[in-house]
Amino acid sequence: MLKSSFTSPASGARPASSTSLAQASLVTFCASLAVVFALAVSLSLYFARGLDSTEQAQGQSLVQKSIEAERRLLQLTIKDYSFWGEAYRHLHLTVDMEWAYVRENFGPALYDDFGYQAAFVIGPSNRSVYAVIDGKYETVAAADWLGRPVDEWVAAARGLADDEKVFTALTSLAGTPALVVAAAITPSTDPTVQADDRLPSVMLVVNRLDPQRLETLGANMGLQGVRMARPNDATAAHASLTGEHGTAFDLQWDAVRPGRQMIIVVLPLIVLTTLIIFGMTWVMLRRNTRAARALDGSHELLRNSQAALAQSESRFRDVAEASSDWIWETDCDGRVTYLSDRFEAVTGLDKAHWLGTCIDERVDLPDGSLLAWLRSNDGHCNLTTECSYVDVHLHRRTARIAARTIGVQGFRGTATDVTEEIEARRRVEYLSRHDVLTGLPNRSQLRDYLESRLENALAASQSLIMLTIDLDRFKPVNDLLGHATGDRVLYEIGARIRQCVRSQDIVARVGGDEFVMVVAGPIGHEEIEALCRRLIELIEQVIEVDDQDIHVSASIGIAVSPGDAAHAPELLRYSDIALYEAKASGRGTWRFYDGDMNARIVERRRLESDLRYAIKHGELRLHYQPRFRISDGQMVGAEALVRWQHPQRGLLAPDAFIPIAEDTGLITALGDWVMNAACRQASQWPEALFISVNVSSKEFQNGQLVERVKAALQRTGLTAARLELEVTESVMLEDADNALTLMRALKALGVRLAMDDFGTGYSSLSYLRSFPFDGLKIDRSFVSRLGDSQPDLAIIEAVIGLGRALSLTVTAEGVETQEHLRLLDSVACDEGQGYYLSRPLDGASFEELLLTACH
Ligand code: C2E
Ligand code: CA
Ligand code: CA
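Quantities reported herein were computed from a predicted structural model and do not represent experimental measurements.

Participant: I'm lost on the sheet that holds strand β21 (residues 590-592) in this one. Help?
Facilitator: Strand pairing in a sheet relies on backbone hydrogen bonds, with the paired strands running either antiparallel or parallel. If you walk across this open sheet you meet the five strands as β16-β17-β15-β20-β21, and the pairing is mixed. Whereas interior strands pair on both sides, the edge strands pair on one side only; in this sheet they are β16 (506-511) and β21. Sheet twist, expressed as the mean angle between neighbouring strand axes with direction ignored, is 20 degrees. Taken together, the seven bridges between strand β15 (residues 464-472) and strand β17 (residues 514-520) define a ladder with antiparallel strand orientation.

Participant: What am I meant to see in the pairing of strand β9 (residues 248-254) here?
Facilitator: On a regular strand, each side chain points to the face opposite its neighbour's, so the side chains alternate between the two faces of the sheet. Taken together, the three bridges between strand β7 (residues 224-228) and β9 define a ladder with antiparallel strand orientation. Counterpart to R227 in the pairing with β9 is Q252. Strand direction decides the pairing type here: strand β8 (residues 236-242) and β9, joined by seven bridges, are antiparallel. Along β9, the bridge assignment pairs L241 with F249. Hairpin connection, β8 to β9: the antiparallel pair is bridged by five residues, and H245 has positive phi, about 55 degrees.

Participant: Hey, could you run me through the coordination of the calcium ion (ligand 3) in this one?
Facilitator: Six octahedral donors around a metal ideally sit at 90 or 180 degrees from one another, while four tetrahedral donors ideally sit at 109.5 degrees. The calcium ion (ligand 3) binds to the protein through D756 (OD), D757 (OD), E813 (OE) and E813 (OE), with metal-donor distances spanning 2.2 to 2.5 Å. Written as a sequence motif, the donor residues of the calcium ion (ligand 3) are D-D-x55-E. Taken as an interatomic distance, the gap from the calcium ion (ligand 3) to the calcium ion (ligand 2) is 3.9 Å; D756 donates to each of them. With D757 in strand β27 (residues 752-758) and E813 in the loop between β29 (809-812) and α29 (818-826), this residue pair connects regions lying 56 residues apart in the sequence. A relative accessible area of 10% means that E813 is categorised as buried.

Participant: Looking at this structure, I do not really get the coordination of the calcium ion (ligand 2). What am I missing?
Facilitator: Taken together, E639 (OE), N694 (OD1), E726 (OE) and D756 (OD) make up the full set of protein donors to the calcium ion (ligand 2), lying 2.1 to 2.3 Å away. On the basis of relative accessible area, N694 is assigned to the partly exposed category, the value being 31%. We classify D756 as buried; its relative accessible area is 7%.

Participant: Would you mind going over the confidence of the model for the protein chain with me for this structure?
Facilitator: Averaged over every residue, the pLDDT of the protein chain is 86; residues scoring 70 or more account for 93%. Per-residue pLDDT, averaged within each element of the protein chain, yields its smallest value for helix α8 (residues 258-322) (75) and its largest for strand β25 (residues 690-694) (98). Under a pLDDT of 50 for its full length, residues 1-13 has, in the predicted model, seven contacts with residues more than four places off or in other chains.

Participant: Just to check I follow, could you spell out the domain arrangement of the protein chain for this structure?
Facilitator: A common way to state how big an interface is: give the accessible area lost once the parts meet. Along its sequence, the protein chain is organised into domain 1 (1-62 + 257-323), domain 2 (63-253), domain 3 (324-432), domain 4 (436-593) and domain 5 (605-854). Each of domain 3 and domain 4 was reduced to a C-alpha centroid, and the two centroids are 47 Å apart.

Calculation rules
- Residues numbered from 1 in each chain as written.
- Chains lettered and ligands numbered in written order.
- Predicted model: local features only at pLDDT ≥ 70, side-chain atom pairs only at ≥ 80, totals over all residues.
- Heavy atoms only, no water.
- Pairing = 2+ DSSP bridges.
- Helix = DSSP H or I, 4+ residues; strand = E, 2+ residues; numbered from the N terminus.
- Axes fitted to C-alpha atoms, helices over the stretch in contact; angles between N-to-C directions.
- Donors = N, O, S within 2.8 Å, 3.2 Å for Na, K, Ca; no water.
- Buried < 20%, exposed > 50% of the residue type's maximum accessible area, 1.4 Å probe, protein only.
- pLDDT = per-residue confidence, 0-100.
- Contact = heavy atoms within 4.5 Å.
- Domains from an automatic or database assignment.

Pasting the structure below:
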């Protein structure tokens, strides 16, 4: 066992980890930050309080000063009045009312100009001789008005008379502070007045400091809301004034409190700053802590490495036994010297069976011997190769060998069983190149095959024949009998086609019911035709699935390389075109590709894009072919027949473009146009006439037919009963259930349904019974043969009888001669339509016909 170079402290106490150091420094920092924060807050509070108390002190002195100023003003004012010869002459001993009150020398003006509420003159005998209260003369004694004796003030005033000083006092009048001035009335220095020796009269003026006055006084000093103190008003600042006999007056005002305002601004700033600093530090420290933790982790790792080393050997043993791999060793001659226990579990073989034998006797390398491979890799380590061996069940399995050289002793390595993995890989490869259902090559393998074969064939100037085989009428098998049956039919067909090819040829399934066969030439035209005939015969043989006899057929398109095309995609496309022609010419047959086919397809494509444009840009026209009652020759309605006014090709008949519209899905747009134009036109006709519109079987499949018909009726205002829809048997052939549902919904709208081209299909009679038709139209092929053959008249007669039994209106199409009409009349056919009666007419001609018919 290795000795670890990492030594731990002898005491066993672990050194402080970087993590805990980082955590400790975080704590320290937080604590310091808290102290700084607390300090900043207390200092701010301290300064704020200082500011507030300074403000308070200033306020107090201002309050005192304002009262003092008021007192001084009062003193000065009264002094002017009292130490004045005129006043002595008119107020002392006898009061001259004229002088004092009327001419406002003493009294009213004190109130009006200064707001002093009361002015008294108190005579030498201390009696009030004159009083002006709130600017009005009143006979009231000063003591009575004031509610207290005034002798003391009068005496004080007289005492100050010689010095021409006045007495003032701050007193309380029913709880309101008031400034009182008392001044002796003396002639002062007036030489025209001689003073008597009686006690001087005294004037007494009261300035009551009511709330309004206090407020004004304060405002003059810049203090707001100065008032008498209210108890428990903590928001205000206080000042105390000392009045007469030590009476205290508590005043208060609305304090500005700058300190408090400062705190409101500063405190949040302090908090914010602290939070930011804290946040930033926290992020930094967290990073440090993480780094520290990593450091601690590595320390921990180092510490643990010793123990880990101790465990590794036993773990290796465990792993060796637990894994699916087995471990082997050989000497340098390739003799097996060691196999781990897993060997027996994986291979089922006895170790002893292998030990001591040469490894090359036991395993096979795809290209050579394992020992040679081991030796060639001498010096390299961990190279891998795959080899196979036989297990206890004699199954060949695959192992992936990893090996390294162990000096001169030999080789050692692991063997991983990869049999399943390789199987899965093979399966995926197979699936990616085969059709699961039939087991035939798929399109991707066909493409690869074609590419390589075409190259070789071209080089060897050999021909390749491609046959595209498409099943006819396979869709109904799937739809009617279910997909499981469809799958079995496809499997069977695949097997039958495969019977026809030689080993060097290929058959691939490239689509739902489409197969491609590639046959290498040289092979003559007749031989190919024989092959096609054989293929179709084989495919047409009845297929039995779950006691059901299933018949399918096939059409084949053929393209030949290098004659038709030299490249795979073209060859595929051409055989497809040939297939299309084969199908168009009646199915169950084959066609060789020729250049004209391509031209026809190109032509069709052009027509398709022209048609798309035509529908949108009003190139379609409607013609109307009238239908007549045979018994009296009355017109009963008309069939709408679409035309295409092609800008280059002229007026095209529907046969030239309806199939294209059906193949490309344009039929819905075309059908909509026809439906709307026909209904709009018919809504202008006399009420008795109906309009008959042809509906393609594709319109039944595309869905929304009922909604479209309803919309057309609503849009044009045509009564539903005046609309007849002509449908052909193919509607019911393709999906009978769906057709029945739709027809019932159409009947519910109120429209009529007629079966068109009756007699050309196979089982029209049964359909007539089970579908809600109102009428049937006998195909013109029957009518055109009338007169030539008696059986046709018999058939028509039978159909008419059937129609009557089912309450259907029977119409004969293709009435071309008078004879036709006569014969139809003789068998009591209801209605007729044909060139003899009227050709299809354009809108204007039809209107004209209507006019003449009505007159
Ligand atoms: P159809 O429904 O059998 O229409 C009657 C066809 O027979 C019309 O040919 C009409 O011109 C022709 N015809 C009428 N009377 C006589 C006669 O006395 N002798 C002969 N030989 N032919 C006569 P058209 O207009 O070329 O229409 C051909 C087919 O195109 C129609 O056969 C119908 O299946 C289809 N079609 C016409 N218009 C529309 C349409 O708007 N929508 C759909 N889906 N198909 C239409
Ligand atoms: Ca028709
Ligand atoms: Ca018809």
